[in-house]
Amino acid sequence: MKKICSLFLIGLLAIQCKNIQPPKSVVHKAQGLITENAMVVSARVEASEIGSQILLKGGNAFDAMIATELALAVAYPFAGNIGGGGFMVYRLADGTTGALDYREKAPLAASKNMFLDEIGDIINGKSTLGGMAVGVPGTIDGLFKVHEKFGTLPFSSLIQPAIDLANKGVVVTKKQAERIAIYKEYFYKVNGTKILLDSVWKEGDTIKYVQLAKTLQRINEHGRDGFYKGETAEMLVNTVQKLGGIITLEDLEKYQAKWRKPVEFTYKDLKIISMSPPSSGGICMAQIFNAIEPFNLSELGHNSEKTIQLLTEAERRAYADRSHYLGDPDFIKIPIETLISKSYVKKRMESFSWDNATLSSTITHGKIAGFESNETTHYSIVDKFGNAISATTTLNGAYGSKVFVSEGGFFLNNEMDDFSSKPGTPNMFGLIGAEANSIEPGKRMLSSMTPTIVEKNNKFYMSVGSPGGSTIITSVLQTILNVYEFDLGMQEAVNAPRFHHQWLPDVITMEPIGFDSTLIKNLQQKGYIIKQENTTIIGKVDAILRLPNGKLEGGADYRGDDTAAGF
Ligand code: GLY
């Protein structure tokens, strides 16, 4: 593996960073960055280094989270953001756990049928592109909530590296140049004017984010109000309203991130701590883990026919429940305890057979009494004090709604598409929603983001998460299983080929490499529909594992420019 960044010495400690090349043998013998004390793994080397520097200066994982998230907003505008939202799950050194929901909200003027035409059909593109697609952003409020509760260094010292990076500029990578080329046409179409990224940016060019630096400076000077009130808020509202959107200054002023209780469950001798609603990640993952727990997965084999079959059947049932029961807990009642109980899932798996696929058309949500009725980005951080965080943040689609607040230098999300605009009609991830996730003013849209921390023997074991819309949950799940059941190292587990099933559409999506034709043929003979040609990658996992010798191993996904840094 090639080192792409310098080793730089600060005092007696060295921060090392490493970028993973696509592995020749796909999985085996890949090893991620190993460090003694602390680590950050994120989508860009600049952000991982900035976070790691904060840890080296004595900051804790929460200080590093703030610095990393803001650096991603500069270095990774594809998904890193101040115009979106996210979730963070934490585990303190003493074992205390918690979660922060800084997910976007529907504007106060939003209404149930806002994306439907007069005959009740979905208006193509309205929830994904342009002003109406934008939810009220939560990232900046979330970071201030984190700082208030856990920060140890001054906020200004955590935001300054992102301001400096924005002024200095960020070098375009090959993958970034390719992404910009793909989405360029939408930038003009949506904004009706040329925006910063709407040029021919080549690998090696440097993009300076001068307007964004000024916005970050306003946040530095005025705190939360530097985004949610005054100049920045006015720029945001003017841009959105000019493009037909409905966000107001009142929406911004009223936005509040919320501390939540994470979803916690056991799998064999692991304790898994993951995101609660409005994310579906923790509940869905608990259901899948509960469904497969009675089986000996390591004996079935990594990515073997039987393992794929078992996981697919568990996923099919979990995603059917997701669609029916899950939404914003501040608006709907969710039977969480039942959904994640081992007995409920056992019943759901009664129709599973090794002989044939259970068709999704024969599966609906489970019956519970009283309840009849990519882009994103993830980073994991561990500090030298033993605290760990797992955070996933998003604009939803690539560059969100493509709406760019030019004066402020940032993109806005298209998170409104994560609502169920019309029950039974799929969103951009093919996910079908129901009443529980319908649009209401001030409601948060259902998410698949699954920032997760795993404990083994009451000690921190792993911090893991991924972008990838509906495939996030299955990517996180497979990564945990790859380490725990199939004995792969952290980097190997991240590199391993992934597959995904989400109830509807009734297909197993497989990554283009790593699954052989006999395996696929055997599954097809049992009635599974496989989609492999022209599929893209599934998830982009960034994770940290505590090794038996106490050191940390990073898993930075080769599918992106992801990088581990630490000391
Ligand atoms: N916007 C992707 C998700 O939250 O699942």
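Since this is a predicted model, take the numbers as computed values, not measurements.

Colleague: Kindly report on the overall build of the protein, identifying the contributing residues and their values.
Modeller: Each helix and strand in the protein was counted, giving 17 helices and 23 strands. Its C-alpha atoms give the protein a radius of gyration of 22 Å, near enough to 24 Å, the size a compact globule of 567 residues would have. Dimensions of the protein, computed from C-alpha atoms along their principal axes, come out at roughly 65 × 60 × 45 Å. Put simply, the protein has 567 residues, and 66% of those count as buried. Summing over all exposed atoms, the protein offers an accessible surface of approximately 20100 Å²; the carbon and sulfur share of this is 53%. Between the centroid of the 59 positive side chains of the protein and the centroid of its 61 negative side chains there is a distance of 2 Å.

Colleague: Lay out the site of the ligand in plain terms, naming residues and giving numbers.
Modeller: In the vicinity of the ligand, the contacting residues are Arg 103, Thr 376, Thr 394, Asn 396, Glu 415, Asp 418, Ser 447, Ser 448 and Met 449. Taking Asp 418, its side chain carries an N or O atom lying 2.7 Å from a nitrogen atom of the ligand. Residue classes in the shell around the ligand are distributed as one nonpolar, five polar and three charged.

Colleague: Residues and numbers for the pattern of salt bridges, please.
Modeller: Any two side chains of opposite charge can pair, on the condition that their charged atoms come close. Taken as a whole and assessed by the stated rule, the structure comprises 33 salt bridges. With its nearest N and O atoms 3.0 Å apart, the salt bridge here joins Glu 435 to Lys 112. Put simply, Glu 313 and Arg 316 hold a salt bridge, and the shortest N to O gap is 2.9 Å. Of this pair, Glu 313 and Arg 316 are both found in helix 12 (residues 305-325), three residues apart, which corresponds to roughly one turn of the helix. Judged by relative accessible area, Glu 313 falls into the buried class, the value being 0%. Linked by salt bridges that have partners in common, Asp 101, Lys 258, Arg 260, Asp 330 and Arg 444 make up one network.

Colleague: Just give me the short version of the pairing of strand 11 (residues 270-274), but keep the residues and values in it.
Modeller: Along strand 11, four of the five residues are buried, which leaves the element largely enclosed by surrounding structure. Pairing between strand 10 (residues 263-267) and strand 11: five bridges, direction antiparallel. When the bridges of strand 11 are listed, Thr 266 appears paired with Lys 271. Counting the residues in the hairpin turn of strand 10 and strand 11 gives two residues, including Lys 268, whose phi is positive at 50 degrees. Of the pairings in the sheet, the one linking strand 11 to strand 16 (residues 452-456) comprises five bridges and is antiparallel in character.

Colleague: So what about the packing of aromatic side chains? Which residues, and what values?
Modeller: Enumeration over the complete set of coordinates arrives at 24 aromatic pairs. Both rings, one in Phe 78 and one in Tyr 399, keep their centres 5.3 Å apart while their planes meet at 85 degrees; by these two values the pair is edge-to-face. Note on accessibility: Phe 78 and Tyr 399 belong to one class, buried. By the ring-pair criterion, three or more aromatic residues cluster together here, those being Tyr 76, Phe 78, Tyr 183, Phe 187, Tyr 399, Phe 404 and Phe 411. Taking NZ or CZ as reference, Arg 179 lies 4.6 Å from the ring centre of Phe 78, over its face. Seen from the ring of Tyr 186, Lys 402 lies directly overhead, with NZ or CZ sitting 6.0 Å from the centre.

Colleague: Before we move on, can you summarise helix 2 (residues 61-75) with the specific residues and values?
Modeller: With 15 residues, helix 2 extends 20 Å from end C-alpha to end C-alpha; this agrees with the ideal 21 Å at 1.5 Å per step. Within helix 2, 15 of the 15 residues are buried, which leaves the element mostly enclosed by the surrounding structure. Capping the start of helix 2 is the job of one residue whose side-chain oxygen sits 3.0 Å from the backbone nitrogen of Phe 62: Asn 60.

Colleague: Give a description of the sheet that holds strand 19 (residues 508-510) that names residues and reports values.
Modeller: Where strands meet in a sheet, backbone hydrogen bonds hold them as pairs that are either parallel or antiparallel. Here three strands make up an open sheet; going across it, the order is 18-19-20 and the pairing mixed. Each edge of the open sheet carries a strand with a single partner, namely strand 18 (499-500) and strand 20 (530-531). Two strands pair when backbone bridges link them, and strand 19 and strand 20 are joined in this way by two bridges, in the parallel orientation. Residue pairing for strand 20: Thr 509 is matched across the bridge by Lys 531.

Colleague: So what about the side chain of Asp 321? Which residues, and what values?
Modeller: Mapping Asp 321 onto the fold places it in helix 12. Owing to a relative accessible area of 2%, Asp 321 belongs among the buried residues under this scheme. At 2.7 Å, the side chain of Asp 321 and the side chain of Tyr 344 are in polar contact. Contact partners of Asp 321, with chain neighbours within four places excluded, come to Gln 287, Leu 326, Leu 339, Tyr 344, Arg 348, His 365 and Gly 366.

Colleague: Before we move on, could you go through the packing of helix 1 (residues 45-56) against helix 2 and cite the residues and values that matter?
Modeller: In contact at an axis separation of 8 Å, helix 1 and helix 2 are set at 155 degrees when each is read in the N-to-C sense. One finds that helix 1 runs roughly antiparallel with respect to helix 2. The chirality of how helix 1 crosses helix 2 is right-handed. Contact with helix 1, carried on its side by Glu 46, Ala 47, Ile 50, Gly 51, Ile 54 and Leu 55, involves Ala 61, Asp 63, Ala 64, Ala 67, Thr 68, Ala 71, Leu 72 and Ala 75 of helix 2 and no other residues of that element. When its residues are assigned to classes, the contact of helix 1 with helix 2 shows ten nonpolar, two polar and two charged.

Colleague: Requested: an account of the pairing of strand 21 (residues 542-546), with residues and values cited.
Modeller: Counting buried positions over the five residues of strand 21 gives four, a clear majority of the element. Pairing geometry for strand 17 (residues 459-465) and strand 21, over four bridges, is antiparallel. Pairing of Ser 463 across the sheet is with Ile 544, part of strand 21. The pairing of strand 21 with strand 22 (residues 552-556) spans five bridges and is classified as antiparallel. Along strand 22, the bridge assignment pairs Ala 543 with Gly 555.

About the cut-offs
Residues numbered from 1 in each chain as written. Predicted model: local features only at pLDDT ≥ 70, side-chain atom pairs only at ≥ 80, totals over all residues. Heavy atoms only, no water. Helix = DSSP H or I, 4+ residues; strand = E, 2+ residues; numbered from the N terminus. Rg over C-alpha atoms; globule rule 2.2 N^0.38 Å. Buried < 20%, exposed > 50% of the residue type's maximum accessible area, 1.4 Å probe, protein only. Areas by Shrake-Rupley, 256 points an atom, 1.4 Å probe, with all protein chains shown as cover. Lys, Arg positive; Asp, Glu negative; His and termini not counted. Charge placed at Lys NZ, Arg CZ, Asp CG, Glu CD. Near = heavy atom within 4 Å. Polar contact = N/O pair within 3.5 Å; in protein donor to acceptor, adjacent residues only side chain to side chain. Nonpolar A, V, L, I, M, F, W, Y, C, P; charged D, E, K, R; others polar. Salt bridge = Lys/Arg side-chain N within 4 Å of Asp/Glu carboxyl O. Pairing = 2+ DSSP bridges. Phe/Tyr/Trp six-rings, centres within 6.5 Å; stacked < 30°, edge-to-face > 60°. Lys NZ or Arg CZ within 6 Å of the ring centre and 35° of its normal. Expected span 1.5 Å × (residues − 1). Contact = heavy atoms within 4.5 Å. Axes fitted to C-alpha atoms, helices over the stretch in contact; angles between N-to-C directions. Parallel < 35°, antiparallel > 145°, perpendicular 65-115°, else oblique. Left-handed = near helix turned anticlockwise from the far one by under 90°.

Function cannot be inferred from these measures alone, as they are strictly geometric.
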